[in-house]
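# Observations on the three-dimensional arrangement
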Amino acid sequence: MRTSLDAVPVFEAGVSGFGPVKHRMNFNENPFGPLPSVLDVVRETAAGLNRYPDMLNSSLIETIAEHFGVAQESVAVGGGGAAVLQQLLLAAVDQGDEVVFPWRSFEAYPILTSVVGARQVRVPLSGVDQDLESMLGAITDRTRLVFLCNPNNPTSTAIDHDALDGFIDRAPEHVLIVLDEAYREFVRAPEVPDGIRRYGDRPNVAVLRTFSKAYGLAGLRVAFTVAHPTVARAVRKTALPFGVTRLAERAAQASLRASDELFARVETIVKERERMESTLRAQGWPVARSETNFLWLPMKARSADFGEACRRDGVLVRAFPDEGVRITVDEERANDIVLSIAQEFARS
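Since we're looking at a predicted model, the values are computed, not measured.

How each quantity is defined
- Residue numbers here run from 1 along each chain, matching the order of that chain's written sequence.
- Two thresholds apply to this predicted model, a pLDDT of at least 70 for residue-level local features and 80 or more for giving and counting side-chain atom pairs, whereas whole-chain, interface and lining totals are computed over all residues.
- Neither water nor hydrogens contribute to the side-chain values; these are computed over all heavy atoms in the structure.
- Within this analysis, patches are made of residues with over 30% relative accessible area and no salt bridge. Like charges are joined at 9 Å or less; nonpolar side chains (Val, Leu, Ile, Met, Phe, Trp, Tyr) at 5 Å or less.
- To measure how exposed things are, a 1.4 Å probe is used in the Shrake-Rupley method; for residues, cover is taken only from the protein chains shown.
- Counted as salt bridges are all cases of a side-chain nitrogen of Lys or Arg within 4 Å of a carboxyl oxygen of Asp or Glu.
- To qualify as a helix, a DSSP run of H or I must reach at least 4 residues; to qualify as a strand, a run of E must reach at least 2; elements of each kind are numbered from the N terminus.
- We place a 1 Å grid over just the protein atoms. Points where a 1.4 Å probe fits but has no way out form a cavity, open points with protein on both sides within 12 Å along at least 5 of 7 lines form a pocket, and any residue with an atom within 4 Å of a point lines it.
- Grid points are joined across faces, edges and corners, and a volume is the space filled by probe spheres set on the points.
- Residue polarity follows a fixed list, in which Ala, Val, Leu, Ile, Met, Phe, Trp, Tyr, Cys and Pro are nonpolar, Asp, Glu, Lys and Arg are charged, and the others, Gly among them, are polar.
- Throughout this description, buried means an accessible area under 20% of the type-specific maximum (1.4 Å probe, protein chains only), exposed means over 50%, and partly exposed covers the range between.
- To obtain the arc, one takes the directions from the helix axis to the C-beta atoms.
- Contacts are residue-level and defined by heavy atoms, with any inter-residue pair within 4.5 Å sufficient.
- Aromatic rings from Phe, Tyr and Trp, with only the six-membered ring used for Trp, were paired whenever their centres fell within 6.5 Å, and each pair was classed as stacked if the ring planes differed by under 30 degrees, edge-to-face if by over 60, and tilted otherwise.
- By nonpolar core is meant a set of buried Ala, Val, Leu, Ile, Met, Phe, Trp, Tyr and Cys residues that side-chain atoms within 4.5 Å join together.
- Pairing between strands requires that DSSP locate at least two bridges from one strand to the other.
- Angles run from 0 to 180 degrees between N-to-C directions of axes, and those axes are lines fitted to C-alpha atoms, restricted for helices to the stretch in contact.

Taken together, the side chains of Tyr52, Met55, Leu56 and Phe242 present a nonpolar region at the surface, about 480 Å² in accessible area. On the secondary structure map, Tyr52 appears in the loop between α1 (36–46) and α2 (58–68).

Here it is in structure tokens:
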């Protein structure tokens, strides 16, 4: 076995020692199930599960290109956001090359970088924000790819268009900038750019989007990137054959067709996020403005204890020991449980 994999963590199912879990607010899932129209398509498609899907996902790529107003040759798809990120790494990075990313950010970045045999360059956040100046300073001749998570997971904050324009304009041309926009649909601040619209024609920028979050298809695993045709073609070459199932393809297409109805649900999540945000601030917590479907509670040394207290009450949140807690916005009753526990911690 490759010794370089020795330091790569293995995901294992957590075991709850505090009773049954009623609410999963730790994975940033959409609390609403798929739309009825999407479920109808899934049921209809299920009758053909004995057949392989289209290996090229031509129909899905055509639908995505039309919906977002981009050329089909600029689109590549994969089995979920992490899969597309790995495809981008395989397309751009050789063993020993460097990959720069903010930290803390999406937990898959260091894992996938190690899996492809590249060297991790972690750039600490400035508070809860990505430090773009330091990230530029971390780029060397060996850097081949930079991850920017906008908005950032888990701190929920976003980079505005002036800062992002400056970073992209100053980054060397040999570096592929992967703009991870997994939570783009939850953004409400006008100063946060839409990567597809603003950078879709940049030869060294690839924008990631997923159907797992706002679209509520986390269990079907489908995502895509919009990039320069040369980059998109390379990403398609690194895709796992038949990696996007027929069910996922059809459900994603149906979700795009029903986007108006779907985004009415997204707006419900945004309003609940704002309610939670204001409540936590009123309790005294320094909660940053979120542009995602989750909130970041900087509890530092109390993070693990808060996670355990939530679990005792049947709620899972994502606690990062000695850093903070990421809380996915869920249904109102689940959110109220977490808010009540946060109030207790604020008083203690």
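Turning our attention to empty space enclosed by the protein. Throughout the structure, instances matching the rule amount to one cavity of 30 Å³ or more. Of the voids in this model, the largest cavity is the one considered here, and its volume is about 70 Å³. Surrounding the largest cavity, Asn30, Phe32, Gly33, Pro34, Leu35, Val38, Ala214, Tyr215, Gly216, Ser255, Leu262 and Arg265 form its lining. Partitioned by chemical class, the residues of the lining of the largest cavity number seven nonpolar, four polar and one charged.

Within helix α8 (residues 229–237), the full set of buried residues consists of Val231, Ala232 and Val235. Within α8, the buried residues cover an arc of 95° as seen down the axis, which keeps them to one side. Residues of α8 that are buried sit in contact with β2 (75–78), α3 (81–92), β6 (176–180) and β8 (223–227).

We now examine the layout of surface pockets. Roughly 430 Å³ of volume is contained in the second largest pocket. Lining the second largest pocket we find 23 residues, and of these Val77, Gln87, Arg236, Ala239 and Leu240 sit closest to its centre. Only α2, β2, α3 and α8 provide two or more residues apiece to the lining of the second largest pocket. Of the residues forming the lining of the second largest pocket, the biggest block, four residues, is contributed by α3. Across the lining of the second largest pocket, the residue classes break down as 12 nonpolar, nine polar and two charged.

The next thing to look at is unusual backbone geometry. With the exception of glycine, the majority of residues adopt a negative phi angle, and the majority of peptide bonds are in the trans configuration. Geometrically, the link from Asn150 to Pro151 is a cis peptide bond, its omega value of 5° lying close to zero. You can see Pro151 is positioned in the loop between β5 (143–149) and α6 (161–170). In the segment running from Asn153 into Pro154, the intervening peptide bond is cis, with an omega of 25°. Along the chain, Pro154 falls in the loop between β5 and α6.

Take the packing of aromatic side chains next. Geometrically, a pair of aromatic rings is defined through the distance of the ring centres and the angle of the planes. Here the structure, examined in full by the defined rule, presents 12 aromatic pairs. Arranged with centres 5.1 Å apart and planes meeting at 80°, the rings of Tyr183 and Phe294 form a pair that is edge-to-face. Residue Tyr183 is located in the loop between β6 and α7 (195–199), and its partner Phe294 is located in strand β9 (residues 294–300); the two are separated by 111 residues in the primary sequence. Phe294 shares its class with Tyr183; the two are buried. Between the aromatic rings of Trp296 and Phe320, the centroid separation amounts to 5.7 Å while the plane-to-plane angle is 55°, which identifies the pairing as tilted. One end of the pair, Trp296, is in strand β9; the other, Phe320, is in strand β10 (residues 315–320), with 24 residues separating them in the sequence. Under the relative-accessibility criterion, Phe320 is labelled buried at 3%.

The next thing to look at is the nonpolar core. The biggest cluster of nonpolar side chains holds 76 residues, and the ones touching the most others in it are Leu148, Phe167, Phe211, Leu297, Phe306, Val317 and Ile327. Counting 25 residues, the second largest nonpolar core, distinct from the first, contains Val84, Val99, Phe101 and Ala108.

Taken as a whole, this structure holds 18 salt bridges when the rule is applied. Here the salt bridges do not stand alone but share partners, grouping Glu181, Asp194, Arg197 and Arg209 into one network.

Before going further, it helps to spend a moment on the sheet that holds β8. Pairing within the open sheet is mixed, and its seven strands lie in the order β2-β8-β7-β6-β5-β3-β4. Two strands bound the open sheet, and with one partner strand each, they are β2 and β4 (119–124). For this sheet, the mean angle separating the axes of adjacent strands, direction not counted, is 25°. Relative to β8, strand β7 (residues 205–210) runs antiparallel, the two being bridged by five bridges. By the bridge assignment for β8, Ala206 is matched with Ala227.

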